[in-house]
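# Architecture at a glance
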Amino acid sequence: MRVDVVSIFPEYFAPLGLSLLGKARAESRLELAVHDLRTWTHDVHRTVDDTPYGGGAGMVMRPEPWGEALDALADGRTRLVVPAPTGRLFTQDLAHELAAEEHLLFACGRYEGIDQRVLDHAAGRMPVTEVSLGDYVLFGGEVAVLVMLEAITRLLPGVLGNSASLDEESHANGLLEAPMYTKPAVWRELEVPEILRSGDHGKIARWRRDQALLRTAARRPDLVAALDPATLDKKDRAT
Ligand code: 6GU
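Rules used throughout
Residues numbered from 1 in each chain as written. Predicted model: local features only at pLDDT ≥ 70, side-chain atom pairs only at ≥ 80, totals over all residues. Buried ≥ 20, exposed ≤ 12 C-beta atoms within 10 Å, placed from the backbone. Helix = DSSP H or I, 4+ residues; strand = E, 2+ residues; numbered from the N terminus. Arc of directions from axis to C-beta. UniProt positions renumbered as here; feature names shortened; annotations may be inferred. Contact = placed C-beta atoms within 7 Å. Core = buried A, V, L, I, M, F, W, Y, C linked by C-beta atoms within 7 Å. Near = placed C-beta within 6 Å. Nonpolar A, V, L, I, M, F, W, Y, C, P; charged D, E, K, R; others polar.

Our focus in this paragraph is helix H2 (residues 63–73). Of all the positions in H2, only Pro65, Trp66, Ala69 and Leu70 are classed as buried. Down the axis of H2, the sector holding all buried residues measures 130 degrees, keeping them to one side. In H2, those exposed residues whose orientation departs by more than 90 degrees from the buried face are Asp71 and Ala72.

So, about the UniProt feature "binding site: S-adenosyl-L-methionine" (unreviewed entry) in the chain. Under the UniProt annotation, "binding site: S-adenosyl-L-methionine" (unreviewed entry) lies at Gly109, Leu133, Gly134, Asp135, Tyr136, Val137 and Leu138. Within the fold, Leu133 resides in the loop between strand E7 (128–132) and helix H5 (142–153). A tally of 17 C-beta atoms within 10 Å means that Leu133 is categorised as partly exposed. With residues up to four places along the chain from it excluded, the contact list for Leu133 reads Phe90, Ala144 and Val147.

Next up on the list: the nonpolar core. By size, the foremost hydrophobic cluster in this structure holds 41 residues, and its most contacted members are Val81, Phe106 and Ala107. For this core, the leading source of residues is H5, giving 5 residues. Sequence-distant contacts of Val81, defined by excluding residues within four places in its chain, comprise Leu98, Leu104, Leu105, Phe106, Thr129 and Val131. Ranked by size, the runner-up nonpolar core spans 5 residues in total, among them Leu175, Leu176, Ala178 and Ala212.

All right, on to the site of the ligand then. Around the ligand, a shell composed of 13 residues is seen, among which Pro83, Pro85, Leu133, Leu138 and Ala144 lie nearest. Residue assignment for the shell around the ligand shows that the elements contributing at least two residues are strand E5 (78–89) and E7. When residues in the shell around the ligand are grouped by element, the largest group, 3 residues, is from E5. Partitioned by chemical class, the residues of the shell around the ligand number 9 nonpolar, 4 polar and no charged.

Structure below.
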């Protein structure tokens, strides 16, 4: 997958060379380039923002540099992703959807956002998706792009050594994962649940499923309400 990121703070993206994300880049599973929006300014002050029409606090990003940046970086395969608190909620489903794209172009706004005409104009040439991480406000889209890229990259073919873990993890089946334990069997007088040491794989699977249901009900009743009843078995109902 190819990814371009445009920001006035390219330094935010230094961590993308680290860890499994860095490995995905080294192995060319992810081809990532970060661009400074000011590359596409032409005045001595390299201006990217101005006061909002209609008044109000803060500054808005001017359309001209964004227009040139998108002209330079987008082609027929591009999906434009604009992080913004006004966007569609970023979920594991959306991560899967974005991971299936050939080319993602992330446009990081700062201040009060980007002049709306940039998105309206781009929408005539490519799919445009505004995406929000949740109901809170960040200074800008940079950290949101780091989050999204991490969620997307681990879904790319070959990035995770054991892709079975993709099926088991939290949110893969609409539930939170059961608690996990490793050695030692007793630590500070706390024991690993007996059943996990029993070697009975059927019972262990049932226990994990029950724990996932109980945890999800306690912590995320919204996820339980959204479950497809067809995915529940008789024993789930008893839990
Ligand atoms: Cl994607 N951007 C900004 N600026 N704030 C946010 C957000 C994104 N998601 C939640 N808050």
